[in-house]
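Working through the structure, step by step
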Amino acid sequence: VAAAAVGVPFEGLKHRLQLQVRGYTTPRLALASTLRLEGVAGLYRGFGSTLARNVPYNALHFGLYALAASALRPARLPATEALSGAAAGALTALLTTPLDLVNTRLQTQRIFTASGAAANLSGVVDAISRVAAEEGGPTALMRGAGLRAAQYAPSGLLFFCVYEAVKRRAASGGL
């Protein structure tokens, strides 16, 4: 929750910048426009959907890593941690893509509704059901999944290699 309290404003501003809508073309303009039109609450738009994405993401990430590592460990591969981390990162990213897509929509919908381009989504469940119903079925929720998996595979690899190194160091009394 603390990480989301710090990260959501940055993620929301990043999404608004990516849209390149008038008034949101630089970080300073995006911040000023958000504060002027929505107040401080606008910086936290999508806080609930961020938690709805991050909680299952973290649970899946560690669970899938443990599963992959236990499956690969008997093979005694030197890169077990790296391979397990990459697999966990990619698979977790794929499985949570619908929640990530919905989070992005909820964080940026005010920009679109002001221009009349999109309907107002009331929350995670409403967004999931409406994106699926109005944009081509359940596969619409997987937009960007391949790129997301490609981004999170190396991230998972690095994260879990460092995680395991810190665990080993702590176990040997080195921390």
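In short, a report on the structure. Bear in mind that the values here come from a model prediction, so they are computed numbers and not experimental data.

The subject of this paragraph is helix α6 (residues 124-134). All of the buried residues in α6 are Val 124, Ala 127, Arg 130, Val 131 and Ala 132. Of the residues flanking the end of α6, it is Gly 136, one or two places downstream, whose phi is positive at about 110 degrees.

What follows deals with the layout of surface pockets. Volume-wise, the largest pocket comes out at about 490 Å³. Looking at the lining of the largest pocket, the elements that each hand over two or more residues are α1 (2-19), α4 (47-72), α5 (80-115) and α7 (145-171). Among the elements that make up the lining of the largest pocket, the one with the highest residue count is α5 (7 residues). Here the lining of the largest pocket is composed, by residue class, of 6 nonpolar, 8 polar and 7 charged.

What follows is about the packing of α4 against α7. Two numbers describe how α4 lies on α7: the axes approach to 12 Å, and their chain directions differ by 60 degrees. One way to sum up the angle between α4 and α7 is to call them oblique. Note on packing geometry: the crossing formed by α4 with α7 is right-handed. Here Arg 53, Tyr 57, His 61, Phe 62 and Tyr 65 of α4 come into contact with α7, specifically with Arg 148, Tyr 152, Gly 156, Phe 159, Phe 160, Tyr 163 and Glu 164. For the contact of α4 with α7, a count of residues per class yields 7 nonpolar, 2 polar and 3 charged.

Here is what the cut-offs are and how they apply
Residues numbered from 1 in each chain as written. Predicted model: local features only at pLDDT ≥ 70, side-chain atom pairs only at ≥ 80, totals over all residues. Heavy atoms only, no water. Buried < 20%, exposed > 50% of the residue type's maximum accessible area, 1.4 Å probe, protein only. Helix = DSSP H or I, 4+ residues; strand = E, 2+ residues; numbered from the N terminus. 1 Å grid on protein atoms, 1.4 Å probe; cavity = no way out; pocket = protein on both sides within 12 Å on 5 of 7 lines; lining within 4 Å. Points joined across faces, edges and corners; volume = space filled by probe spheres on them. Nonpolar A, V, L, I, M, F, W, Y, C, P; charged D, E, K, R; others polar. Axes fitted to C-alpha atoms, helices over the stretch in contact; angles between N-to-C directions. Parallel < 35°, antiparallel > 145°, perpendicular 65-115°, else oblique. Left-handed = near helix turned anticlockwise from the far one by under 90°. Contact = heavy atoms within 4.5 Å.

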